[in-house]
Amino acid sequence: RPMKYHRFMNTLAKKITLALVTVIVISGSLYMYLAHKTGYEMLVRQEFTRGESVEGVIKSVIDYILDEGKHDRLPFILVTASNTHEVNEVMILKKDGTVSMHAGKYKEFDIFPLNEMKPLPDQHNGKYMLRYYGDTLYQFIAEPFGVSPSCKRCHDDANTIEGYVVVKIEMNDLKLAALSHRTTTILITSITFMMIGIVMYGALSFQVIRPIKKLQQYIQILHAEIQRLETGVINQLPLSDHLTNSMDEIADLQSGVHHMVVSLNSAYTKIFELHKVQLGFADRLANTGEIAASIAHEIKNPIAGLVGALQVILTDYDPSDPKYEIIVEMLSQLYRMNESITDLLSYARPKAPEKSRVRLQDIVERTLTFLKHTMSDKSIIVESSIDEREIELLADADQIQQVLWNVMMNSVQAIGSLGKITLNISGKGENVEISISDTGGGIPEEHWANIFKPFFTTKHQGAGLGLAICRQIVTEHGGTMTFSTVVGSGTTVLVILPAAP
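Everything quoted here is computed from the prediction, not taken from an experiment.

**Things to note about the overall build of the chain**
Thinking step 1. Assigned secondary structure in the chain consists of 10 helices and 13 strands.
Thinking step 2. Across the 501 residues of the chain, 31% fall into the buried class.

And the structure:
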């Protein structure tokens, strides 16, 4: 049901129409009910007033006859009154409801049910009762009367003749008037609220739905143009020509979209120009890299020959000979050159990883063993925390060891002679997290953007390719490599690799 509702109510016009219809039906029905109820109560009050007037005239005549002592005229008065258009029946009751005198078509009550009568509105003594006889509604109006002076001459107990004058009046006029009032109320209410709904819908359609629909069409055009941009087509996004002059929220929305498109066009132009510059730089860098790789390859073999020759020559000298130290320094510099050239070739012409299922704990143990021998002359503590579970990677073991070695050697160089390196390895779902932290001096903020760039280094030695190669290896293994640092407190490098399935 919710899906059917959302498919049906898929436009703002439908939702507004439903809301207006709901409000109009509810408020119109409530108004119609209240108007009909109020009108009916007014008609009933008018009938009561008419009945009271008729009953008051009859009672006044009866009181006059009784006061004048013309009791023999009372039946004639009652019969005359019951034959009028308004009155169907007239009764004189004793105080207990017993019918003392009656005039009308037929006599229904011997004892009138006074206990069923209700007080007349705005009256202290009068009472009324409504009854249906077939489809015809009648009202009974009872008015009490006291003891007249003529009655006291014949009756010692005045209370025996105290009673009520009851008049029965047909109320078909009320029914017809109520039906006519109800029909008129329904007709006027329906027309009124229908016109209100039409005016409101027209106003909302013109002020809300129409501008939003135009904005929606404009956004669809922008979407199509953005897809063209993604395919490489050079173009500016079109500007909207449907901006309104109003000062409402929809106008603000249209203006906001317009300014956003203007900003996007400006940004796109700047990005395109920058992209052209970067492409040119990347092309020159690629050519330079190829040339550097070729030169490095050509230099590597002569350096290897020089190293071999110097090692042979070194055997001819005693360590106490001054020339011995010169040859050792020459070998050291050639080793540095060879290491830099090797890094350059590894970065320019990276070797594809030869992946196999390897145990990460074995790689870490070998790396830590080499690291401890390398920094045996330093006071650096290495703490490791490795997940007890068996962690396996689908990776090139030598390349992963190269990543760990380079990162930890950077930590050793950052610490100097006294500090601590912390290595944490844990499995996180389908990934493996390798965290290497040191207590070195941290990385200054101005260098953060260049950490993984090739040939960037803050050290006097090295070509600045270590971290660039490490990130390249991690990326080729489907992982990520990030860092966090606090100047003066140290640096943490986080490597995330996918675990073996």
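**Re the environment of Val-328**
Thinking step 1. Summarising the element assignment, Val-328 is placed in helix α7 (residues 322-348).
Thinking step 2. Taking the relative accessible area as the measure of exposure, Val-328 reaches 33% and is therefore partly exposed.
Thinking step 3. Spatially, the C-alpha atoms of Val-328 and Leu-310 are 8.5 Å apart, while their sequence positions differ by 18 residues.

**Points about the side chain of Asp-396**
Thinking step 1. Structurally, Asp-396 is set in the loop between β9 (392-395) and α9 (397-415).
Thinking step 2. Under the relative-accessibility criterion, Asp-396 is labelled buried at 7%.
Thinking step 3. For Asp-396, the residues in contact, after removing those within four places along its chain, are Pro-353, Glu-354, Lys-355 and His-477.

**So, the pattern of salt bridges**
When the charged atoms of two side chains with opposite charge come close together, those side chains can pair.
Thinking step 1. All chains considered together, the criterion is met by six salt bridges.
Thinking step 2. The residue Arg-359 makes a salt bridge to Asp-362 at a minimum N-O spacing of 2.6 Å.
Thinking step 3. Judged by its relative accessible area of 29%, Arg-359 is partly exposed.
Thinking step 4. Residue Lys-420 pairs with Glu-383 through a salt bridge whose shortest N-O separation is 3.8 Å. A residue pair is termed long-range when its members are at least 10 positions apart, and Lys-420 in strand β10 (residues 418-428) and Glu-383 in strand β8 (residues 379-386) qualify at 37 residues.
Thinking step 5. By relative accessible area, which is 31% here, Lys-420 ends up partly exposed.
Thinking step 6. The partly exposed category is assigned to Glu-383, whose relative accessible area is 39%.
Thinking step 7. Among the charged side chains, a network of salt bridges with common partners joins Arg-359, Asp-362 and Glu-390.

**Details of the pairing of strand β1 (residues 87-94)**
Thinking step 1. The element β1 is extensively covered by neighbouring structure, given that seven of its eight residues are classed as buried.
Thinking step 2. Note that β1 and strand β6 (residues 163-170) share seven bridges and pair antiparallel. By the bridge assignment for β6, Val-87 is matched with Ile-169.
Thinking step 3. The sheet contact formed by β1 and strand β2 (residues 99-104) spans five bridges and is antiparallel. From the neighbouring strand, Val-90 faces β2, where its bridge partner is Ala-103.
Thinking step 4. The hairpin formed by β1 and β2 contains four residues between the paired strands, and Gly-97 there has a positive phi angle of roughly 100 degrees.

**As for α9**
Thinking step 1. An ideal rise of 1.5 Å per residue puts 27 Å on 19 residues; α9 measures up with 27 Å between its terminal C-alpha atoms.
Thinking step 2. At the N-terminal end of α9, a side-chain oxygen is found 3.1 Å from the backbone nitrogen of Asp-398, two or three residues along, and the residue is Asp-396.
Thinking step 3. Looking at the residues trailing α9, positive phi occurs at Gly-416, about 95 degrees.

**A few points about the sheet that holds strand β13 (residues 490-498)**
Thinking step 1. The five strands lie next to each other as β8-β10-β11-β13-β12, forming an open sheet whose pairing is mixed. Two strands close off the open sheet at either side, each with one partner strand: β8 and β12 (480-486). Neighbour-to-neighbour, the strand axes of the sheet open up by a mean angle of 15 degrees, direction not taken into account.
Thinking step 2. Strand direction decides the pairing type here: β10 and strand β11 (residues 431-438), joined by eight bridges, are antiparallel. Bridge pairing links Ile-421 to Asp-438 in β11.
Thinking step 3. Along the sheet, helix α8 (residues 360-374) contacts β8, β10 and β11; its crossing angle with β8, the most-contacted strand, is approximately 175 degrees.

**Comments concerning the nonpolar core**
Thinking step 1. Counting residues in each nonpolar core, the largest one holds 38 residues, and the members touching the most others are Leu-360, Ile-425, Ile-434, Ile-436 and Met-481.
Thinking step 2. Top element by residues in this core is α9. It accounts for nine residues.
Thinking step 3. If we skip the residues at most four places from it in the chain, Leu-360 touches Ile-391, Leu-393, Ile-400, Ile-425, Val-432 and Ile-434.
Thinking step 4. In this structure, Ile-65, Leu-78, Val-87 and Val-90 belong to the second largest nonpolar core, which totals 17 residues.

**Considering the sheet that holds strand β5 (residues 136-145)**
Thinking step 1. Strand order across the open sheet formed by six strands is β2-β1-β6-β5-β4-β3, with antiparallel pairing between neighbours. If you trace the sheet from one side to the other, it starts and ends with β2 and β3 (118-119), each paired once.
Thinking step 2. Across the sheet, helix α3 (residues 74-82) is in contact with β1 and β2; its angle to β1 comes to roughly 145 degrees.

**Brief notes about the packing of α9 against helix α10 (residues 466-476)**
In a pair of packed helices, the angle between the axes and the distance between the axes together describe the arrangement.
Thinking step 1. Direction vectors running N to C along α9 and α10 enclose 145 degrees, while the axes themselves pass 9 Å from each other. Considering only the axes of α9 and α10, their crossing is left-handed. Residues Gln-399, Gln-402, Val-403, Asn-406, Val-407 and Asn-410 of α9 lie in contact with α10, whose contacting residues are Gly-466, Leu-467, Ile-469, Cys-470, Ile-473 and Val-474.
Thinking step 2. The class makeup of the residues in the contact of α9 with α10 is seven nonpolar, five polar and no charged.

**So, the pairing of β10**
Thinking step 1. Where β8 meets β10, eight bridges bridge the pair, whose relative direction is parallel. Within the sheet, the bridge partner assigned to Val-382 lies in β10 and is Ile-421.

**Here we look at a nonpolar patch on the surface**
Thinking step 1. Taken together, Leu-187, Ile-188, Ile-191, Met-194, Met-195 and Ile-198 make up a surface patch of nonpolar side chains, about 620 Å² in accessible area.
Thinking step 2. Positionally, Leu-187 belongs in helix α5 (residues 172-230).

**Some words on the packing of α8 against α9**
Thinking step 1. Two elements in contact, α8 and α9, have axes whose closest approach is 10 Å; the angle formed by their N-to-C orientations is 40 degrees. Overall, the two elements α8 and α9 adopt an arrangement that is oblique. The chirality of how α8 crosses α9 is right-handed. Seen from α8, the contacting residues are Leu-360, Ile-363, Val-364, Arg-366, Thr-367, Leu-368, Phe-370, Leu-371 and Thr-374; seen from α9, they are Ala-397, Ile-400, Gln-401, Leu-404, Trp-405, Met-408, Met-409 and Val-412.
Thinking step 2. Grouping the amino acids of the contact of α8 with α9 by side-chain chemistry returns 13 nonpolar, three polar and one charged.

Thresholds, definitions, all that
- Residues numbered from 1 in each chain as written.
- Predicted model: local features only at pLDDT ≥ 70, side-chain atom pairs only at ≥ 80, totals over all residues.
- Heavy atoms only, no water.
- Helix = DSSP H or I, 4+ residues; strand = E, 2+ residues; numbered from the N terminus.
- Buried < 20%, exposed > 50% of the residue type's maximum accessible area, 1.4 Å probe, protein only.
- Contact = heavy atoms within 4.5 Å.
- Salt bridge = Lys/Arg side-chain N within 4 Å of Asp/Glu carboxyl O.
- Pairing = 2+ DSSP bridges.
- Expected span 1.5 Å × (residues − 1).
- Polar contact = N/O pair within 3.5 Å; in protein donor to acceptor, adjacent residues only side chain to side chain.
- Axes fitted to C-alpha atoms, helices over the stretch in contact; angles between N-to-C directions.
- Core = buried A, V, L, I, M, F, W, Y, C linked by side-chain atoms within 4.5 Å.
- Left-handed = near helix turned anticlockwise from the far one by under 90°.
- Nonpolar A, V, L, I, M, F, W, Y, C, P; charged D, E, K, R; others polar.
- Patch = residues over 30% accessible without salt bridge, like charges linked within 9 Å, V, L, I, M, F, W, Y side chains within 5 Å.
- Areas by Shrake-Rupley, 256 points an atom, 1.4 Å probe, with all protein chains shown as cover.
- Parallel < 35°, antiparallel > 145°, perpendicular 65-115°, else oblique.

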